[in-house]
Amino acid sequence: MVLGAEHTAVFLDGRSNRKRNVTLRFAGGLDIAEEGTVVDSWPYDQVRRADSPPQTLRLRCATALPLARLEVSDAATQGAITAYCRSLDVGGASAGQTWRIVFWSLAAAASILLLAFFGIPFAADRLAPMLPLSIEQRIGGAVEKQAAFMFGGKTCNGAEGQAAFTKLVDKLKTAGGIDLPLEAHVVSSRVPNAYALPGGKVYLLDGLLKKADKPDEIAGVLAHELGHVQHRDSLRKIIQTGGTSFLIGLLFGDVTGGSAVLFVGRSLFDASYSRDQERAADAFAVDVMRKLGRSPKPFGDLLVRVTGSDADKSLTLLSSHPMSEDRLALMSKDTSAREGPELLSAAEWKALKSICSSLAKGEPGTAGFKIKW
Amino acid sequence: MNETVSLPFDVSPVPPPIPGVNRIAFSGRRADFRRLVIRGTALELVTVGFYRFWLATDMRRHLWSNTAVDGDAAEYTGTGKELLIGFLFALAILAPIYLAYFLVGLEAERIKAFASLPLGVFFFLFAQFAIYRARRYRLTRTVWRGVRFWMTGSGISYAWRAGLWVLFAIVTIGFAAPWAKAALERYKMRHTAYGDLQGRFEGTGWSLFKQTWWMWLLLWPSFLILIPVPFILAAIRATEWRWWTSGIRIGDVGFTCKLNDSALIGLYWKVIGWSVLLFTGLGAWFGVVFAIGYQSVSASVSEEQKFIMATQKLPVLFALGFGYILVALAVGVVIRIYLTRDVWQRVVESITVQNLAAADNVKAQGHLVSALGEGFADSLDIAGF
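Residues numbered from 1 in each chain as written. Chains lettered and ligands numbered in written order. Predicted model: local features only at pLDDT ≥ 70, side-chain atom pairs only at ≥ 80, totals over all residues.

Asker: Looking at this structure, how should I read the overall build of chain A?
Answerer: Within chain A one finds 11 helices and 10 strands. Within chain A, the proportion of its 373 residues that are buried is 39%. Pairs at least 24 apart in sequence give 68% of the contacts found in chain A among residues at least 6 apart. (Helix = DSSP H or I, 4+ residues; strand = E, 2+ residues; numbered from the N terminus. Buried ≥ 20, exposed ≤ 12 C-beta atoms within 10 Å, placed from the backbone. Contact = placed C-beta atoms within 7 Å.)

Asker: Just to check I follow, could you spell out the overall build of chain B for this structure?
Answerer: Per the secondary structure count, chain B includes 12 helices and 11 strands. Among the 385 residues that make up chain B, the fraction classed as buried is 36%. In chain B, of all internal contacts separated by at least 6 residues, the share reaching a separation of at least 24 is 72%.

Asker: Help me out: how do you make sense of the sheet that holds strand E9 (residues 194-197) of chain A in this one?
Answerer: Strand pairing in a sheet is mediated by backbone hydrogen bonds. Such pairs are either parallel or antiparallel. Residue and element names in this part refer to chain A. Ordered by their spatial adjacency, 3 strands build an open sheet running E8-E10-E9, and the pairing between neighbours is mixed. Looking along the sheet, the strands with just one partner apiece sit at the ends: strand E8 (183-187) and E9. Going across the sheet, the axis of each strand differs from the next one's by a mean of 20°, ignoring polarity. Across 4 bridges, E9 lies against strand E10 (residues 201-205) in antiparallel orientation. Bridge assignment links Tyr195 to a residue of E10, and that residue is Tyr203. (Pairing = 2+ DSSP bridges. Axes fitted to C-alpha atoms, helices over the stretch in contact; angles between N-to-C directions.)

Asker: How should the nonpolar core be read in this particular structure?
Answerer: Within soluble globular proteins, side chains that are nonpolar generally end up buried alongside one another. Within the largest apolar cluster, 88 residues are counted, with the highest numbers of intra-cluster contacts made by Val147 and Tyr194 of chain B. Leu209, Ala223, Phe284 and Leu344 of chain A belong to the second largest nonpolar core, which has 48 residues in total. (Core = buried A, V, L, I, M, F, W, Y, C linked by C-beta atoms within 7 Å.)

Asker: Would you take a moment to explain the sheet that holds strand E8 (residues 197-201) of chain B for this structure?
Answerer: Residues and elements named next belong to chain B. One open sheet holds the 11 strands; their spatial order is E3-E2-E1-E11-E10-E9-E8-E7-E6-E5-E4, and the pairing between them is antiparallel. For this open sheet the edge positions go to strand E3 (72-73) and strand E4 (75-76), each flanked by a neighbour on one side alone. Bridging between E8 and strand E9 (residues 248-250) involves 3 bridges; their strand directions are antiparallel. Counterpart to Phe201 in the pairing with E9 is Ile248. Relative to the sheet, helix H6 (residues 177-190) contacts strand E7 (192-194), E8 and E9, its axis offset from that of E8 by approximately 180°. Running at roughly 165° to strand E10 (residues 253-257), helix H8 (residues 228-247) makes contact with E8, E9, E10 and strand E11 (351-354) of the sheet.

Asker: Sorry, what's going on with the packing of helix H6 (residues 215-231) of chain A against helix H9 (residues 297-307) of chain A here?
Answerer: For any two helices packed against each other, the geometry is given by the interaxial angle and the distance between the axes. Residue and element names in this part refer to chain A. At a minimum axis separation of 7 Å, H6 and H9 run at an interaxial angle of 85°. With respect to H9, the axis of H6 lies roughly perpendicular. Here Asp216, Glu217, Gly220 and Val221 of H6 come into contact with H9, specifically with Pro298, Phe299, Asp301 and Leu302. Its residues assigned to classes, the contact of H6 with H9 shows 4 nonpolar, 1 polar and 3 charged. (Parallel < 35°, antiparallel > 145°, perpendicular 65-115°, else oblique. Nonpolar A, V, L, I, M, F, W, Y, C, P; charged D, E, K, R; others polar.)

Asker: I tried to follow the confidence of the model for chain B on my own but got confused; where do I start?
Answerer: Interpretation of the predicted coordinates at a detailed level should be avoided for regions scoring low in pLDDT. All names here are of chain B. Chain-level statistics for chain B give a pLDDT mean of 85 and a share of 85% at 70 or above. Of all secondary-structure elements in chain B, the lowest mean pLDDT belongs to helix H10 (residues 303-312), at 69, while H6 reaches the highest, 96. The low-confidence segment residues 1-14, where pLDDT is below 50, has 11 contacts with residues more than four positions distant or belonging to other chains. Overall fold confidence (pTM) sits at 0.77, and the ipTM for the predicted complex is 0.81. (pLDDT = per-residue confidence, 0-100.)

Asker: What exactly am I supposed to notice about the packing of helix H4 (residues 159-176) of chain A against helix H11 (residues 346-353) of chain A here?
Answerer: All names here are of chain A. Here H4 crosses H11 at 110°, and the two axes come no closer than 7 Å. Taken together, the axes of H4 and H11 are roughly perpendicular relative to one another. Remark: the crossing between H4 and H11 carries left-handed chirality. The segment H4 lies against H11, with Glu160, Gly161, Ala164, Phe165 and Lys167 engaging Glu348, Ala351 and Leu352. Looking at the contact of H4 with H11 residue by residue, the class counts come to 4 nonpolar, 1 polar and 3 charged. (Left-handed = near helix turned anticlockwise from the far one by under 90°.)

Asker: In this structure, what is going on with the pairing of strand E5 (residues 47-50) of chain A? I would like to understand it.
Answerer: The two faces of the sheet receive side chains in turn, since in a regular strand these alternate between them. Residue and element names in this part refer to chain A. Here 4 bridges tie E5 to strand E6 (residues 57-61), and the two strands are oriented antiparallel to one another. Residue pairing for E6: Arg48 is matched across the bridge by Arg60. Connecting the antiparallel pair E5 and E6 is a turn made up of 6 residues.

Asker: Would you take a moment to explain unusual backbone geometry for this structure?
Answerer: Most peptide bonds take the trans configuration, and most residues that are not glycine carry a negative phi. Residues and elements named next belong to chain B. Positioned with a positive phi, Arg145 is a non-glycine residue whose angle comes to about 50°. By the secondary structure assignment, Arg145 is in the loop between strand E5 (142-144) and strand E6 (147-151). Using a count of 25 C-beta atoms within 10 Å as the deciding quantity, one classes Arg145 as buried. At Asn355, a residue that is not glycine, the phi angle is positive and equals roughly 60°. By secondary structure assignment, the location of Asn355 is in the loop between E11 and helix H12 (372-379).

Asker: Explain helix H7 (residues 205-222) of chain B here, please?
Answerer: Working note: α-helix, 3.6 residues per turn, so residues spaced by three or four point in the same direction. For H7 of chain B, spanning 18 residues, the distance from its first C-alpha to its last is 25 Å, which sits close to the expected 26 Å at 1.5 Å a residue. The principal kink in H7 of chain B, of about 45°, is found at Thr212 of chain B. (Expected span 1.5 Å × (residues − 1). Bend = angle between axes of the 7 residues up to and from the residue.)

Asker: What's the story with H6 of chain B in this structure? I'm lost.
Answerer: The first and last C-alpha atoms of H6 of chain B sit 20 Å apart over 14 residues, in line with the 20 Å expected at 1.5 Å per residue. Taken residue by residue, H6 of chain B has Ala177, Pro178, Ala180, Ala182, Glu185, Lys188 and Met189 of chain B as its buried positions.

Asker: Looking at this model, I keep getting lost on the environment of His367 of chain B. Mind explaining?
Answerer: Mapped onto the secondary structure, His367 of chain B falls in the loop between E11 and H12. On a C-alpha basis, the gap between His367 of chain B and Thr152 of chain B in space is 9.8 Å, while along the polypeptide they are 215 residues apart.

Asker: Whenever I open this one, the confidence of the model for chain A confuses me. Can you help?
Answerer: All names here are of chain A. Looking at chain A, pLDDT values average 79 and 80% of them are 70 or higher. Across chain A, the secondary-structure element scoring lowest on mean pLDDT is helix H3 (residues 133-151), at 68, and the one scoring highest is strand E7 (residues 69-72), at 94. Scored below 50 in pLDDT, residues 254-258 shows 17 contacts in the model against residues more than four places distant or in partner chains. A low-confidence stretch, residues 361-373 stays under pLDDT 50, and its non-local contacts, those more than four residues away or across chains, total 30 contacts.

Asker: How should I be thinking about the environment of Cys85 of chain A in this particular structure?
Answerer: Residues and elements named next belong to chain A. Mapping Cys85 onto the fold places it in the loop between helix H1 (75-84) and helix H2 (95-127). A sequence separation of 68 residues divides Cys85 from Asn17, and the C-alpha atoms of the two residues are 25 Å apart. The residues touching Cys85, leaving out its near neighbours within four places in the chain, are Leu30, Tyr44 and Val47.

Asker: Can you help me understand the environment of Leu106 of chain A in this one?
Answerer: Within the secondary structure, Leu106 of chain A is located in helix H2. Here the alpha-carbon distance between Leu106 of chain A and Arg138 of chain A, two residues 32 residues apart in the chain, equals 39 Å.

Written out as structure tokens, the structure is:
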């Protein structure tokens with residue numbers, strides 16, 4: 001230690017904001033002396049750097065009062081301090097800390113994605129049967145309005161057509177052993193589609209009826225929708241969508257543009273759950289048709305007719321449904337006996353096909369591109 | 001208006017010192033902040049967003065430690081880890097609330113019409129609570145001359161006041177907004193202290209109203225032609241900064257802010273310019289990606305279906321998503337540089353402190369509070385920087 005070279009600093013003791021002019025002595029520790037009296041002594045290995053503007057060295061001590069500070073502006077003293085206090089930057093920001101943050105963030109992301117992929121569908125499968133029907137019906141009421149808005153159109157109620165429709169649905173219901181309340185309607189819309197809503201509401205759009213050549217085709221479609229009802233797929237879908245949005249939202253927090261990521265991520269997951277549910281509903285339809293002694297193949301034919309050939313499409317991660325031709329293949333595989341009686345007579349089929357003609361030319365729905373059955 | 005854009009803060013002559021009057025100096029280098037924000041944003045991307053806690057902390061540390069009153073720089077003592085823990089706590093509390101929200105929403109469907117209103121009100125109040133608590137966290141991490149700022153008061157009580165005042169402001173189609181701002185600021189400052197120096201707020205709604213009413217009147221019709229909007233908004237903002245700063249008292253220490261009406265205009269336009277540039281780039285990128293995706297669909301299907309199929313291709317989706325995220329992050333960088341750092345610099349450099357001697361020999365008081373409020377604010381997407 002060079003005597004005479006006085007090391008001056010400003011000391012803030014952490015009890016008040018009075019700036020005390022002190023001298024520093026490098027003894028057993030960093031001694032802080034005011035007017036010749038040592039007022040505090042900081043062990044060298046406990047002295048840490050605190051934030052400060054570039055030209056000032058500001059120090060704190062891990063074992064002193066949390067806000068006690070030493071401010072050193074003279075370069076020689078700063079040099080002496082860095083020479084004595086070797087742990088100035090311990091615990092501060094470092095490359096190691098950044099890597100740790102990166103590692104644990106990615107680990108958290110991976111576990112959240114795994115949870116979304118395996119945990120949520122499992123939870124939905126277990127939860128859906130436990131929820132009372134009244135809840136599902138309540139949700140159905142809300143969704144119904146949205147659906148009506150999207151597809152447009154009114155409920156068709158040509159008397160004879162309605163009778164034929166009811167007969168067909170009842171047959172399918174009995175064969176499928178549906179034990180949940182069910183409500184099926186034909187709705188006027190150009191969109192060739194059919195859908196099942198929460199609470200056992202099944203809608204057949206007239207556009208699909210127009211494209212159908214025989215009762216078995218429509219029967220297959222309805223059986224498929226009844227499958228969704230029986231499996232309570234709408235409710236499961238709601239639990240899944242809610243769960244994944246929550247998890248993915250949790251993951252991305254407030255990164256700007258997070259909502260777009262959220263949307264894409266959710267679509268990917270939803271589509272994947274959805275394909276599984278569609279396959280299950282197809283299997284249900286095949287089973288019902290077999291019980292009625294009818295072939296499920298016409299359903300597959302109608303599918304392909306409506307969606308077009310799959311030859312130049314590829315199943316993408318975003319497709320909510322399996323490929324039509326794969327589905328046709330599944331339906332054609334069943335070559336068991338099909339000696340059951342016709343589901344509807346020729347007259348009934350004709351009445352069903354024109355069930356919507358009693359309506360004044362309603363507002364045509366927009367051409368739907370997302371096939372939803 | 002152009003001559004007002006280049007601001008004179010680094011060429012302004014040093015005024016002769018007036019006894020009892022101190023300027024606030026900002027010594028942060030723009031390049032340092034830019035590097036900090038770009039690095040932090042890149043890490044945000046890599047860590048799927050989790051780095052935001054450390055980025056916010058680093059930004060605050062930079063701004064605080066480069067802001068000096070009477071030659072003594074402030075210090076921010078918060079850490080990213082505290083913010084992360086606050087966020088996790090908030091999550092634990094919010095998760096059941098979201099579940100309840102979902103169930104209540106179902107129930108509310110039956111009553112229809114005003115079903116969503118009470119829930120919206122609840123979340124608004126909750127957001128106010130979070131804002132108050134987040135301010136409290138930041139304040140208790142703010143240290144000057146070895147003594148911290150701190151805050152009492154209750155977030156719940158603040159949330160009710162905020163709710164009622166905002167309701168009042170809405171009922172009066174905005175005319176009461178200055179009084180709402182003044183009242184809420186009074187509540188916040190009344191519960192703010194630096195050591196044993198008690199804070200208060202002396203700005204009044206009337207003085208803010210007097211200064212800004214004509215700007216608001218100009219603002220609404222100017223939305224029709226858009227161009228004047230940033231000018232007027234920048235002027236309103238500058239006026240509010242002046243009014244707010246000049247109203248603050250900490251003990252007998254007072255502040256005056258001489259921020260020019262035009263001081264922020266250039267910054268607003270720079271943000272707009274960068275955003276236009278970035279979104280144009282994004283549009284071009286989308287166009288190219290779509291064109292390539294569209295070409296690769298060798299289908300005999302309708303144009304519409306071709307379009308849909310192009311958007312469903314995985315590489316196309318990733319290219320679009322990636323471009324979007326990059327641009328969103330870049331806009332974030334621009335906003336942080338111009339609207340956080342540059343606004344900070346211009347505002348603090350325009351402030352003079354009166355009677356700073358009244359803040360000598362202040363005794364340390366107050367305790368640290370957790371970052372739970374910041375966590376709530378983060379979860380609700382209302383986090384300040």
